[in-house]
Amino acid sequence: MTEALQLPVIDLSSPDRLSTAKSIRQACIDYGFFYLVNHGVEEELIYQMFNESKKFFSLQLEDKMKLARKEHRGYTALCDEILDPSSTSEGDPKESFYIGPLEGTLSSMNQWPSLEILPTWRSTMEYYHQKVLSAGRRLIHLIALALNLNGDFFQKVGALDAPMAFLRLLHYPGELVSSNQEVCGASAHSDYGMITLLATDGVPGLQVCREKFNQPRLWEDVPNIKGALIVNIGDMMERWTNCLFRSTLHRVMSSGQERYSVIICFLSHLCFPHSNAFGCK
């Protein structure tokens, strides 16, 4: 039986930026995960986003497959992906929908449901994307301070130029779970970007393994905090900080309940010339 992990809570609205940055630094060293509160994404918007997500995933498979994923945008059906290449499963029992950057030339690659079927779906997702992108930019400034850099460091070196922020809607159908079988809704993995911001509908399932190279792996539950986003460090940030900040292995375990979540993963086109790019020891 796994234990619940008590992650740090970071207040994005705190006027004491240096103290907040210090807390972020410790959270990223110890866990690679933390909660983010007062982030500026209204609870009503999060509710609307999940409502629209449920509407899409409740469509007939034939209608969803009209938006089958192309160029990392669009719909991915149940068990079409597997995040852990060492898994013997035929695929992770989840379905998803990818939305790429909304600005620049790449925005034309996004796919959208018909307005006749889901009239407010696109506008809701675009607004949610915009609000979380804003919170993410503010957080990245604090992460720079946490690394003993100037707050605008990432902006000045171009890491935030046309940020590749991908939104991903996820649906885990609870009815697939057998009472005598443990099932991973999303198999063990780490994220490949800078940071990921996650919102869930409150249904449990997220677990982390802080020591990803140890065997056997020790998994800890991450409880939901109403109104908070869950932030985790990605492989790119771990590499940039010479492994000072950890990109933590995590998974989603099926609980028998239907579960919805949404992530926004922040990528960057920027590659630093060596692993110790920030002078981190």
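The model shown is predicted, which means the values in this text are computed figures rather than measured ones. (Residues numbered from 1 in each chain as written. Predicted model: local features only at pLDDT ≥ 70, side-chain atom pairs only at ≥ 80, totals over all residues. Heavy atoms only, no water.)

Q: Is there a simple way to think about the environment of Tyr75 in this case?
A: Its place among the elements puts Tyr75 in strand β4 (residues 74-76). For the pair Tyr75 and Met65, spaced 10 residues apart in the sequence, the C-alpha separation amounts to 6.7 Å. The contacts of Tyr75, once residues within four sequence positions are left out, are Phe56, Phe57, Leu61, Lys64, Met65, Leu67, Ala68, Arg69, Glu95, Ser96 and Phe97. (Helix = DSSP H or I, 4+ residues; strand = E, 2+ residues; numbered from the N terminus. Contact = heavy atoms within 4.5 Å.)

Q: For this particular structure, what's the right way to read the pattern of salt bridges?
A: Where charged atoms from two side chains of opposite charge come close, those side chains can pair. Tallied over the entire structure, the rule returns 9 salt bridges. We note a salt bridge from Glu52 to Lys55, for which the minimum N-O separation is 3.6 Å. Here the residue Glu52 and the residue Lys55 both occupy positions in helix α2 (residues 43-57), the gap between them amounting to 3 residues, near one helical turn. Looking at Glu52, the relative accessible area reads 5%, which means it is buried. The class of Lys55 is partly exposed, set by a relative accessible area of 35%. Note that Lys64 and Glu95 form a salt bridge whose closest N and O atoms lie 3.0 Å from each other. Note that Lys64 is positioned in helix α3 (residues 61-65) and Glu95 in strand β5 (residues 95-99), a separation of 31 residues in sequence. (Salt bridge = Lys/Arg side-chain N within 4 Å of Asp/Glu carboxyl O. Buried < 20%, exposed > 50% of the residue type's maximum accessible area, 1.4 Å probe, protein only.)

Q: Which parts of the structure should I look at to understand the sheet that holds strand β11 (residues 229-233)?
A: The pairing of strands in a sheet comes from backbone hydrogen bonds and takes either a parallel or an antiparallel form. The sheet built from 8 strands is open, its strands ordered β2-β3-β11-β8-β13-β6-β5-β4 with mixed pairing. What marks the edges here is a single partner per strand, and that holds for β2 (9-11) and β4. Sheet twist, expressed as the mean angle between neighbouring strand axes with direction ignored, is 25°. The sheet contact formed by strand β3 (residues 33-37) and β11 spans 4 bridges and is antiparallel. Within β11, the residue paired with Tyr35 across the bridge is Ile230. Each of β3, β5, β6 (164-172), β8 (195-200), β11 and β13 (259-267) is contacted by helix α4 (residues 121-146), which is oriented at about 55° to β13, the strand it contacts most. (Pairing = 2+ DSSP bridges. Axes fitted to C-alpha atoms, helices over the stretch in contact; angles between N-to-C directions.)

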